Amino acid sequence: MSELDAALAGRLARLAARGETIGYGALAAELGVRIADLTAALEATMDHDAARGEPLRAALLFGKLTGGLPARGFFDKAAALGIRIDDPARYVAATRAQLAVKHD
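The structure reproduced in this document is the subject of the present report. These numbers were taken from a predicted model, which means no experiment stands behind them.

## A look at the packing of helix α1 (residues 3-18) against helix α3 (residues 35-52)
- Direction vectors running N to C along α1 and α3 enclose 70°, while the axes themselves pass 10 Å from each other. Looking at the two axes, α1 sits roughly perpendicular to α3. Counting all contacts with α1, which are made through Leu-4, Asp-5, Leu-8 and Leu-12, the residues of α3 involved are Asp-37, Leu-38, Ala-41, Leu-42 and Thr-45.
- For the contact of α1 with α3, a count of residues per class yields 6 nonpolar, 1 polar and 2 charged.

Okay, structure coming up:
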């Protein structure tokens with residue numbers, strides 16, 4: 001596990017435990033990485049989470065212009081993983097709630 005992966009996992013766990021979310025830019029700045037590097041690391045967490053049948057931790061992030069939802073790339077990656085999302089807002093809310101309970 002890379003240093004970025006470890007830092008990301010820890011930060012996502014803390015967010016989940018508090019029932020909080022964070023913007024992509026804010027998290028990238030906090031971790032001292034470029035958005036592109038953060039995106040790649042988030043996609044790796046999605047691969048890991050999906051393989052284990054776990055809630056997608058990347059749902060804790062939101063984009064500037066997405067009304068509190070993850071960026072389009074999140075949904076594209078979920079679809080590529082075979083995760084069907086008919087109602088993005090409902091899916092994200094349920095996933096965030098699952099993550100909060102899991103880390104409670």
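## Considerations on the side chain of Arg-96
- With respect to the secondary-structure elements, Arg-96 resides in helix α5 (residues 88-102).
- Comment: no salt bridge for buried Arg-96; closest opposite-charge side chain is Glu-20, at 12 Å.
- Excluding residues that lie within four positions of it along the chain, Arg-96 makes contacts with Thr-21, Ala-59, Leu-60, Leu-61, Phe-62, Gly-68, Leu-69 and Pro-70.

## Concerning the pattern of salt bridges
- Taken as a whole and assessed by the stated rule, the structure comprises 7 salt bridges.
- For Arg-11, the salt bridge identified is with Glu-30, shortest N-O distance 2.4 Å. One end of the pair, Arg-11, is in helix α1; the other, Glu-30, is in helix α2 (residues 24-31), and 19 residues separate them in sequence.
- Residue classification places Arg-11 among the buried positions, given a relative accessible area of 11%.

## Focus: the side chain of Thr-95
- Along the chain, Thr-95 falls in helix α5.
- In contact with Thr-95, other than residues within four places in its own chain, are Pro-55, Leu-56 and Ala-59.

## Looking at the packing of aromatic side chains
- Per the counting criterion, the structure on display carries 2 aromatic pairs.
- Considering the side-chain rings of Phe-74 and Phe-75, the 5.0 Å spacing of their centres and the 90° angle between planes classify their relative orientation as edge-to-face. Per residue, the accessibility class of Phe-74 equals that of Phe-75, and both read buried.
- Between Phe-74 and Tyr-91, the ring centres sit 6.5 Å apart and the planes meet at 45°, which makes this aromatic pair tilted. With Phe-74 in helix α4 (residues 72-80) and Tyr-91 in helix α5, this pair connects stretches of sequence that are 17 residues apart.
- According to the relative accessible area criterion, Phe-74 is buried, its value standing at 3%.
- Through a chain of ring-to-ring contacts, the aromatic side chains of Phe-74, Phe-75 and Tyr-91 assemble into a single cluster.

Thresholds applied
- Residues numbered from 1 in each chain as written.
- Predicted model: local features only at pLDDT ≥ 70, side-chain atom pairs only at ≥ 80, totals over all residues.
- Heavy atoms only, no water.
- Axes fitted to C-alpha atoms, helices over the stretch in contact; angles between N-to-C directions.
- Helix = DSSP H or I, 4+ residues; strand = E, 2+ residues; numbered from the N terminus.
- Parallel < 35°, antiparallel > 145°, perpendicular 65-115°, else oblique.
- Contact = heavy atoms within 4.5 Å.
- Nonpolar A, V, L, I, M, F, W, Y, C, P; charged D, E, K, R; others polar.
- Buried < 20%, exposed > 50% of the residue type's maximum accessible area, 1.4 Å probe, protein only.
- Lys, Arg positive; Asp, Glu negative; His and termini not counted.
- Salt bridge = Lys/Arg side-chain N within 4 Å of Asp/Glu carboxyl O.
- Phe/Tyr/Trp six-rings, centres within 6.5 Å; stacked < 30°, edge-to-face > 60°.

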